[in-house]
Amino acid sequence: MKKIFKIVLISSLLLGTCAKTFSQNQGDNYNRKFKLGIGVSTGLPFNDPYNFNLGGDLRLQYNLSETYSLTFTTGFNNLFVKDDNTDLSYIPIKIGYKSFIFKNEFYVMGEVGAAFSVTKEYDTNSLLFSPSVGYATKYVDISVRYEFLKDFPVIKDNAVDDGLGQVMLRLAYGFDL
């Protein structure tokens, strides 16, 4: 837990320092602003014993320019488990970098962070890596991402192992702050 917290803290500090340096070097008159997105995600895990994932999130986005943004995302996700076993619920906390391409509607984004288990039966927290591609208008954001939770338990070849991978679809409503 301490290791995950340190990694997230160091990543946040580095990202903040880079953002400040980048924004100070811009000679344009772009009006930098914050945007808030409220989203719903669903996904398909690649590993047993999970059936699917359902969750919601809040994403704060700071636009450095017309094409580059920094993001902070948190929310709640539930991994539904096969049979009558206990589901795995977690709170993801991620920071990311978003780059818009093709007329500032399509984007690619990378996020890194931690997933904190809130299920009593699962006491493991995990590092989380999440590359994504998406399409955003002024109010709607649709994206597909691969999400890897490094330390969450899975079953591979009938043995317990770590490392859950899943594909997630996100639909969100966003607005300027």
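Residues numbered from 1 in each chain as written. Predicted model: local features only at pLDDT ≥ 70, side-chain atom pairs only at ≥ 80, totals over all residues. Heavy atoms only, no water.

A. Structural detail: the sheet that holds strand β8 (residues 159–176). Strand order around the closed barrel formed by eight strands is β1-β2-β3-β4-β5-β6-β7-β8, with antiparallel pairing between neighbours. Looking at each pair of strands side by side, their axes are set apart by 25° on average, direction ignored. Pairing of strand β2 (residues 50–63) with strand β3 (residues 68–81), which is carried by 13 bridges, proceeds in the antiparallel orientation. In the strand pairing of β3, Gln61 is matched with Thr71. (Pairing = 2+ DSSP bridges. Helix = DSSP H or I, 4+ residues; strand = E, 2+ residues; numbered from the N terminus. Axes fitted to C-alpha atoms, helices over the stretch in contact; angles between N-to-C directions.)

B. Just the pattern of salt bridges, in detail. For the structure on display, the rule yields ten salt bridges. Salt-bridge contacts for Glu111 lead to Arg59; the nearest nitrogen and oxygen are separated by 3.7 Å. One end of the pair, Glu111, is in strand β5 (residues 106–117); the other, Arg59, is in strand β2, and 52 residues separate them in sequence. Accessibility classification places Glu111 together with Arg59 in one group, the buried group. (Salt bridge = Lys/Arg side-chain N within 4 Å of Asp/Glu carboxyl O. Buried < 20%, exposed > 50% of the residue type's maximum accessible area, 1.4 Å probe, protein only.)

C. Looking closely at the side chain of Ser89. Examined against the element boundaries, Ser89 turns out to sit in strand β4 (residues 88–101). Residue Ser89 is classed as buried on the basis of its relative accessible area, which comes to 11%. Polar side-chain contacts of Ser89 include one of 2.5 Å to the side chain of Asn78. (Polar contact = N/O pair within 3.5 Å; in protein donor to acceptor, adjacent residues only side chain to side chain.)

D. Structural context of the pairing of β3. A loop of four residues connects β2 with β3, the two strands running antiparallel in sequence. Where β3 lies against β4, ten bridges are found, and the strand directions are antiparallel. When the sheet's bridge partners are listed, Thr74 is paired in β4 with Ile93. Between β3 and the antiparallel strand that follows it, β4, lie six residues; Asp83 among them carries a positive phi value of about 65°.

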